[in-house]
Amino acid sequence: MTTRIKHLYIHVPFCNTICFYCDFAHRVYDFSLAEKWLERLKKEINDNCKDQYETIYIGGGTPSCLSDEQLERLLNMIDPYTEEVKEYTIEVNPESLDQDKIDIFKKHHINRISIGVQSSDDEILRSLNRRHSFSDVKKGIELLKKNGLDNISVDLMYSLPGQDMDILRRTVEDILELDVPHISLYSLTIEENSVFGKRGISNLDEDIEADMYEYIDKTLRENGYIHYEVSNFCKDGYESRHNMGYWLYDDFLGLSIGASGKIGNNRYTNTRDFNRYLNNEYIRDEDLELSLEDQKFENIMMSLRTIYGLDIEEFNRKYDCDLEKEYSKGLNNRYIKIENGYLICSNFELLNNVLLDFMKD
Amino acid sequence: MKNLDRNRTRNFSIIAHIDHGKSTLADRILELTETVSKREMQDQILDSLDLERERGITIKLNVVQLKYHAKDGQDYIFHLIDTPGHVDFSYEVSRSLAACDGAILVVDASQGIEAQTLANTYLALDNDLEILPVINKIDLPSADIERTKKEIEDVIGLDCSYAPCISAKTGLNVEDVLEGIVKYLPAPKGEASDPLKALVFDSYYDSYRGVVVFVCIKDGSVKVGDHILFMQSNKEYEVTEVGVKTPGEMKKDRLEAGEVGYICASIKSIQDIHIGDTITLKDDPCKEALPGYRKMNPMVYCGMYPTDNNKYNDLRDALEKLQLNDSSLTFEPESSKALGFGFRLGFLGLLHMEVVQERLEREYNLNLIATAPSVIYKVTMTDGSVRYIDNPSMMPEANVIEMIEEPYVKASIMVPNEYIGPIMQLSQDKRGIYKDMAYLDENRNQLIYEMPLSEIIFEYFDKLKSVSRGYASLDYELIGYRRSNLVKMDILINGEVIDALSIIVHRDFAYNRGQAITVKLKEILPKQQFEIPIQAAIGNKVLARTNIKSLRKDVLAKCYGGDISRKKKLLEKQREGKKRMKAVGSVEIPQEAFMAVLALDDDKN
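The notes below deal with the structure included here.

## Side note on the overall build of chain A
- The secondary structure content of chain A amounts to 15 helices and 17 strands.
- For chain A, buried positions account for 59% of its 361 residues.
- Excluding contacts between residues fewer than 6 apart, the proportion of contacts in chain A whose partners are at least 24 apart in sequence is 69%.
- Element-wise, carbon and sulfur atoms account for 44% of the exposed surface of chain A, whose accessible area totals about 15200 Å².

As C-alpha cells, this is what we get:
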C-alpha cells in the first residue's frame, strides 16, 4: 500500500497518578524510564513515519507530565511530519498546564488541547484519584485562551460511583460555563484491570446511566452543541478531525506502547509491556490481517457512530459490493435510516443492538 | 497367563446413600492394593467423567480389577464395580449388582441409614448378593457407631457384629474391609469349562474400536478371534480385543468365568447392543440366556432442541451414542413451533436429566435448549379413548377431556425428629397424603407419603433439603395413576403462545405458579428494542402479566482508534450469546428461560 496515511497517534505512557477507572497502558512518571522510552520512540518514529500528516494526536497517559525538556524533544521528533498538519492535538491534565508548557505547544504548532476534566465536583475528582480541582481547570482554560489556544476539548465522565442527577446537573452547568468548543463524554466502564475493577466496584444501574446520558445530550444540545458522535459534542465546525478519521475508518499510524493502528487490511496493537517495548523491535499484542468482511463490518461499526453516517456509494466502491443487498437485516432495524445516500443510526443509545444486525453468522 | 482361580476371585459393588463415602472408600482400596500408584492417584479416581468430579457424585458405574494379598497368605483377584448413589441412577446400580456376587454397604456413622441405603440394599438382596456392612466416617466427632450398627440391624436386618468400622478418608481400618471381602463375600459360581455365558452390563462408543462392551463372564471363556453371538439381538461378531480395567484398559488373551472385563468386536452398529443381553459363542452356545434386566420406564420427560437447527442430526447421533452408555435414556423425535425439530427424552429423574444435558453439551459439543421436565399424564377423552401425554403442549383442549390422571409415588422420607413438623407441612403443601410414620431410633423417623410425582420433580426435593438443613433423605417408587384437577397453563411472550413453555398445573396452584413464572421470565429475558409483555394464561383467561421494559442504552461510550478491537470483541461476544438463544417471532429467548417454569413460588419476591 502506498496510499498516504493522514493520521498519526502517539501514546505517552506516563501519568503522575493512576486514575481509578483507567486501564490504559501507563506507568507513574519516572524521569529515567521516560528517557529510555523517548530513545526507543525516536527509532520507532524514524522507522515508521513516512508521510506529512493531516492530523496528529498525542494522547496518553498524560503527555503533559513529561518534563519541559522531554516534551520539547518529543515534539522535535514529530516536527518533520507536521508541514501539512491541520489539527495537532495534545492531551493535558489541568494541574500540569503552565505558561512554559503552553509556549512549547505553540512553538511546535499544536493547535488543539484536550483536557481531562471529568467532573466539576472535587469530591468525585478525589474519588477517581484525580489530582486537580475544578478551579485548576478554570485557571488552565483561562490561560490557554489568553494564549490564543481556544480550540479546546474537555473530557467529561458520568455514571460515576457516588454521582447522582443533582451532582451531574451542577457539573454540566459548570462545564457549559467553561465555554469550550468541544466536549467528549464518557460513561464510566469498570474495566477489570482498573483499580475500580479490582476493588469490585460495579456500574450504576442501566436506567440511571440512560437518564444521565439523555440529560447531558438534551442540555448540551440546548446550549448550541452538536451531538455529532455517540460520545462527542462540538460547536459548529469544531469536530475532532483526528477522531473523525477513526470513525470514517481511515488508515492511521499508531506509535508507542499500547498504541493501535490500521493500515489497509492490517490492524495492530502494540505491546503494553514496557520491558518488551524498550528491549525489542516491534512486538505487537495484536496484529490482524483483516478479511474484506471484517473491514466492511468495522467500517460500518465506526461510521454509524456519527450523525453523518456512512457514505453508501463510497462504501460500495471501496469494497466493490452492494451494501443495501448484503446487509438487509441491518437495514431493516427500526433505528436505521438512509438519508441522501448516507446510512444513519437514529438512536445512538442502542447502537450495539443495531450493529448486531449487521454482523454476519 | 495363569488361569483364573475362581475360589480366589471376588466380584462386588460398593453401595451407599449419596455422600456416605463410596468413592473415597474405592480410592483407598485402589491405593491399598497398589492398583494405582501414589503418583497417579487422584480423588474419585473411578469417576472418570469431568461432571462426576465437579459435582462430587458418581453417575456412571465403573469397574476395576485389583490384586490383593490377604492375611491368609493367598493372592486374590477382586473386581470392584463402583456405582452411583443417587435415586435417579438406581438402574445403574441394579445393572452393576447383576454382575456381582456380593456388595459392601457403606453407611455414614454420623448420619445413619438413609432412604437410598435402604433402596440399594433391597436391590442387592433382590440380586441374591451377600452384603458386608461397613460403618464409615468414624473419625467424625458426630459419629455414633453403636447407634448406626443398631439401625442397620433393626431396620435392614443385617448382622453388624463383624462389620468393619472405618474412616475411608484417613484410611483407618480399610484393610478390615479387604479382609472382610475375602472372608464374607462368596466367590463366583460359574464354570470355565461350560459354554460361554457373559452378561453385558455396560458399553460405550470408541471411534477406533467401535462399541466397547463391558461383561461379566458367568460361565466359559472368550478370547480374541472367537465368533460371539449376542443372544437378544441375534448378531454375530468376531472378537478383536478383550481385557480388564486396572483401572486403565489392559488387554488380555482371554476372559474366563468369574472375570469382569471388556470385549471389542468392531461393532459399529449401536442398535445391536442391549444392556442386559447375554453373549455366547456362535459355535458352542449356552442353553439359555441370562434373565437380563427389568426395563426401566422413564419417569420424567423433557424436550431437547439444538439451538442451531442444523444440528438436529448431530443431536440424534449423540443421543444414540449416549444411549449405549446410558440405556435408561429414551428419546423420540418431536417438533415445537417455538423450537423447531428436536427430541423428547425420557429420564429416570431430574438429576439424570441434568446429567444427560451436560454430557450431550460437553462430550458431543452441542448447544441445547431443554424444556421444563414433565411427567407422563393419562388423559381420558370424552369419547372414552385414553391418551398418554408427556409434553404439556400436546394436552388436548379442555372441552374434549373427561379426566386427567397423573402418576403418584410412595415417598419414603427419613428425617431427624426436629424436622418432622416442617416436612409434614411441606409434604401436605405438595399435595402429599400422609400414610405412615415409623420410628427408626429415638432420634429419627421414617415418614411415608403418597404424592404426585410432578410435585417431587417440581421443587419438593430441593425444599426437603432446605427445611431439614440437608438431614432428610428421600426415596420414592411409582404406585400408579390418580385423577387430579389439572389444567394446562400457557405462557405468552409478546402475545404469542410459546408451546415449549406450557405446563400442566393443579388448578389450585395455577395463579401462584403463573405469577412466579412471569416474574422469573422477566429476569431472564434480555431487554429488546421494544417492550415485551409476558402473560400466563389458562385458555383465554390471563392469570398473570408482566412487562419487560425496552432496552434504553447499550452502547459503549468511548470508541477511538485503539478501541476498535475491544468494541468488536464485545459485539462478537454479544452475538455468541445470541446464538445460544432461540428467535421466536421477533423475541430472542435464552436457554434458561425454558427452565423458568420451574421457578419457585418464593422467587416472586
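## Observations concerning the overall build of chain B
- The helix and strand inventory of chain B stands at twelve helices and 32 strands.
- The buried share of chain B, taken over its 605 residues, is 59%.
- Residue pairs at least 24 apart in sequence account for 70% of intrachain contacts in chain B once pairs closer than 6 positions are excluded.
- Accessible surface for chain B amounts to roughly 25000 Å². Of this, 46% is attributable to carbon and sulfur atoms.

## Describing the packing of aromatic side chains
- Per the counting criterion, the structure on display carries 22 aromatic pairs over all chains.
- Judged by centre distance (6.0 Å) and plane angle (70°), the rings of Y228 of chain A and W247 of chain A are edge-to-face. Of this pair, Y228 of chain A sits in strand β9 (residues 226-229) while W247 of chain A sits in helix α9 (residues 241-247), and the two are 19 residues apart along the sequence.
- Classification of W247 of chain A by relative accessible area gives buried; the value is 0%.
- With a centroid separation of 6.2 Å and 75° between ring planes, the pair formed by Y388 of chain B and Y481 of chain B is classed as edge-to-face.

## Details of the sheet that holds strand β9 (residues 227-230) of chain B
Residue and element names in this part refer to chain B.
- Pairing within the open sheet is antiparallel, and its eight strands lie in the order β10-β9-β15-β6-β7-β14-β11-β12. In this open sheet, the two edge strands, each paired with only one partner strand, are β10 (235-238) and β12 (249-252). Across this sheet, the average inter-strand angle for adjacent strands is 40°, counted without regard to direction.
- Summarising the sheet, β9 and β10 pair through four bridges and their orientation is antiparallel. Directly across from F230, in β10, lies its bridge partner K235.
- The strands that helix α7 (residues 312-325) touches are β6 (197-206) and β7 (210-219); relative to β6, the one it contacts most, it runs at about 145°.

## Looking at the packing of helix α1 (residues 22-32) of chain B against helix α6 (residues 174-184) of chain B
Residues and elements named next belong to chain B.
- Two elements in contact, α1 and α6, have axes separated by 10 Å at closest approach and are oriented at 80°. With respect to their mutual orientation, α1 and α6 come out roughly perpendicular. Counted together, L25, R28, I29 and L32 of α1 and V174, E175 and L178 of α6 form the full contact between these two elements.
- Among the residues making up the contact of α1 with α6, the classes are represented as five nonpolar, no polar and two charged.

## Brief notes about the interface of chain B and chain A
- Across the contact, 28 residues belong to chain B and 49 residues belong to chain A.
- Across the interface of chain B and chain A, roughly 3600 Å² is buried in total on both sides, 51% from carbon and sulfur atoms.
- Ranking the residues of chain B by area buried against chain A places Q529, R552 and Y560 of chain B at the top, with a combined share of 23%.
- For the pair chain B and chain A, the number of links is ten salt bridges.
- With a shortest N-O distance of 2.8 Å, E209 of chain A and K553 of chain B are connected by a salt bridge.
- There are 20 residue pairs in polar contact (both at pLDDT 80 or more) connecting chain B and chain A.
- Grouping the amino acids of the side of chain B that touches chain A by side-chain chemistry returns ten nonpolar, five polar and 13 charged.

## Here's the deal with a negative patch on the surface
All names here are of chain B.
- On the surface, D144, E146, E153, D159 and E442 cluster together into a negatively charged patch.
- Within the fold, E442 resides in the loop between β23 (433-439) and β24 (444-452).
- Given the relative accessible area of 62%, E442 is considered exposed.

## Side note on the nonpolar core
- In terms of nonpolar packing, the biggest core is built from 119 residues, with W37, I78, I115, V154 and F358 of chain A touching the most fellow members.
- Among the elements that take part in this core, helix α1 (residues 31-48) of chain A stands out by supplying six residues, more than any other.
- Counting the residues that make up this core, at least three belong to each of domain 1 (7-246) and domain 2 (309-361) of chain A.
- Among the nonpolar cores identified, the runner-up in size contains 33 residues, and I491, I503, A510 and I532 of chain B belong to it.

## Focus on the sheet that holds strand β19 (residues 368-370) of chain B
Residues and elements named next belong to chain B.
- Within the open sheet, the four strands sit side by side as β17-β18-β16-β19. Their pairing is antiparallel. Single-partner strands in this sheet number two, and they are β17 (330-336) and β19. Taking the axes of each pair of neighbouring strands and ignoring which way they run, one obtains an average angle of 30° across the sheet.
- Each of β16 (300-306), β17, β18 (340-347) and β19 touches α7; the most contacted strand, β18, lies at about 15° to it.
- In the packing of helix α8 (residues 350-363) onto the sheet, the strands contacted are β16, β18 and β19, and the crossing angle to β16 comes to about 20°.

## Here's the deal with empty space enclosed by the protein
- Under the defined criterion, the tally for this structure stands at three cavities of 30 Å³ or more.
- The volume enclosed by the second largest cavity comes to roughly 50 Å³.
- Y57, E91, R112, S114, S153, D155, H182, S184, Y186 and N243 of chain A together with Y560 of chain B are the residues that line the second largest cavity.
- Mapped by element, the contributors of at least two residues to the lining of the second largest cavity are β6 (112-118), β7 (152-158) and β8 (182-187) of chain A.
- Here the lining of the second largest cavity gets three residues from one element, more than from any other, and that element is β8 of chain A.

## A look at the pattern of salt bridges
- Inspection of the entire model under this criterion finds 54 salt bridges over all chains.
- Its salt-bridge partner being D250 of chain A, residue K6 of chain A comes within 3.9 Å of it at the nearest N-O pair. Residue K6 of chain A is located in the segment before β1 (7-12), and its partner D250 of chain A is located in the loop between α9 and β11 (252-255); the two are separated by 244 residues in the primary sequence.
- In the salt-bridge network here, residues are joined through shared partners; they are R267, E286, D294 and E298 of chain A together with K568 and K569 of chain B.

## A look at the side chain of R305 of chain A
- Position of R305 of chain A relative to the elements: it lies in the loop between α11 (292-303) and β15 (310-311).
- Engagement of the side chain of R305 of chain A in a polar contact is seen with the side chain of E229 of chain A, the distance being 2.6 Å.

## Concerning unusual backbone geometry
- For the bond from G60 of chain A to G61 of chain A, the omega torsion is 25°, close enough to zero to count as cis.
- By the element assignment, G61 of chain A lies in the loop between β4 (55-60) and α2 (68-78).
- You will see that R431 of chain B, though not glycine, has its phi angle at about 65°, which is positive.
- Tracing the sequence through the fold places R431 of chain B in the loop between α9 (420-429) and β23.

## Topic: the environment of S303 of chain A
Residues and elements named next belong to chain A.
- Mapped onto the elements, S303 comes out in helix α11.
- On the basis of relative accessible area, S303 is assigned to the buried category, the value being 2%.
- For the pair S303 and M244, spaced 59 residues apart in sequence, the C-alpha separation works out to 8.9 Å.
- Discounting residues that sit within four places of it in the chain, S303 has contacts with W247, L248, G309 and L310.

## Notes on the side chain of S110 of chain B
Residues and elements named next belong to chain B.
- Assignment of secondary structure puts S110 in the loop between β4 (102-108) and α4 (115-126).
- Side chain to side chain, S110 and D108 meet in a polar contact 2.7 Å long.
- With sequence-adjacent residues up to four places away left out, S110 is seen in contact with L140, S142 and A143.

## Description of the pairing of strand β14 (residues 260-264) of chain B
All names here are of chain B.
- Counted residue by residue, β14 has five buried out of five residues, so it is predominantly covered.
- Because side chains alternate across β14, one face comprises the buried residues V260, Y262 and C264, and the other comprises G261 and I263, equally buried.
- In the sheet, β7 pairs with β14 via five bridges, with the strands oriented antiparallel. Of the residues in β14, the one forming a bridge with F214 is Y262.
- Here three bridges tie strand β11 (residues 241-245) to β14, and the two strands are oriented antiparallel to one another. In the strand pairing of β14, V242 is matched with I263.

## Structural notes on α9 of chain B
All names here are of chain B.
- Within the sequence span of α9, burial applies to I420, I423, L426 and S427. Buried positions in α9, seen along its axis, are confined to an arc of 130° and lie on one side of it.
- If you follow the buried residues of α9, they end up packed against β22 (401-416), β23, β24 and α10 (453-467).

Rules behind the numbers
Within every chain, residues take consecutive numbers counted from 1 along the sequence as written. Note on labels: chains are lettered from A, ligands numbered from 1, in written order. Where totals are concerned, whole chains, interfaces and linings use all residues; where local detail is concerned, this predicted model gives features only for residues with pLDDT of at least 70, and gives and counts side-chain atom pairs only at 80 or more. Derived side-chain values reflect all non-hydrogen atoms in the structure, with water molecules and hydrogen atoms excluded from consideration. Helix and strand labels come from DSSP, where a helix needs a run of H or I of at least four residues and a strand needs a run of E of at least two; each type is numbered from the N terminus. Throughout, exposure labels follow a simple rule: accessible area from a 1.4 Å probe, protein chains only, divided by the maximum for the residue type, with under 20% read as buried, over 50% as exposed, and the rest as partly exposed. It only takes one pair of heavy atoms within 4.5 Å for two residues to be counted as in contact. The protein chains shown are the only cover counted for residues, whose accessible areas, like all others here, come from Shrake-Rupley with a 1.4 Å probe. Two aromatic rings from Phe, Tyr or Trp, using only the six-membered ring of Trp, form a pair when their centres are within 6.5 Å; if the ring planes differ by under 30 degrees the pair is stacked, by over 60 it is edge-to-face, and anything between is tilted. We call two strands paired when DSSP finds no fewer than two bridges between them. Here, axes are lines fitted to C-alpha atoms. For helices the fit covers the stretch in contact, and angles between N-to-C directions go from 0 to 180 degrees. Here the word oblique covers every angle except those under 35 degrees (roughly parallel), over 145 (roughly antiparallel) and from 65 to 115 (roughly perpendicular). Here the term charged refers only to Asp, Glu, Lys and Arg, the term nonpolar to Ala, Val, Leu, Ile, Met, Phe, Trp, Tyr, Cys and Pro, and the term polar to all other amino acids, Gly among them. Accessible-area loss on putting two parts together, using a 1.4 Å probe and summing over both, is the definition of buried area adopted here. Definition used for salt bridges: Asp or Glu carboxyl oxygen within 4 Å of a side-chain nitrogen of Lys or Arg. Residues adjacent in sequence count toward polar contacts only when both atoms are side-chain atoms; beyond that, a polar contact is any pair of N or O atoms within 3.5 Å, and within protein one must be able to donate a hydrogen and the other to accept it. Exposure above 30% relative accessible area and no salt bridge define the residues that can form patches, which grow by joining like charges within 9 Å and nonpolar side chains of Val, Leu, Ile, Met, Phe, Trp and Tyr within 5 Å. Counting rule for charge: Lys and Arg are taken as positive, Asp and Glu as negative, and neither His nor the chain ends is counted. Where a charge sits is defined by one atom per residue type, namely NZ (Lys), CZ (Arg), CG (Asp) or CD (Glu). Take the buried residues of types Ala, Val, Leu, Ile, Met, Phe, Trp, Tyr and Cys, join any two whose side-chain atoms come within 4.5 Å, and each joined set is a nonpolar core. Annotation comment: domain bounds sourced from an automatic or database domain assignment. With a 1 Å grid laid over protein atoms only, a set of points is called a cavity when a 1.4 Å probe fits there but cannot get out and a pocket when it is open yet has protein on both sides within 12 Å along at least five of seven lines; lining residues have an atom within 4 Å of a point. Grid points are joined across faces, edges and corners, and a volume is the space filled by probe spheres set on the points. Directions pointing from the helix axis toward each C-beta atom define the arc.

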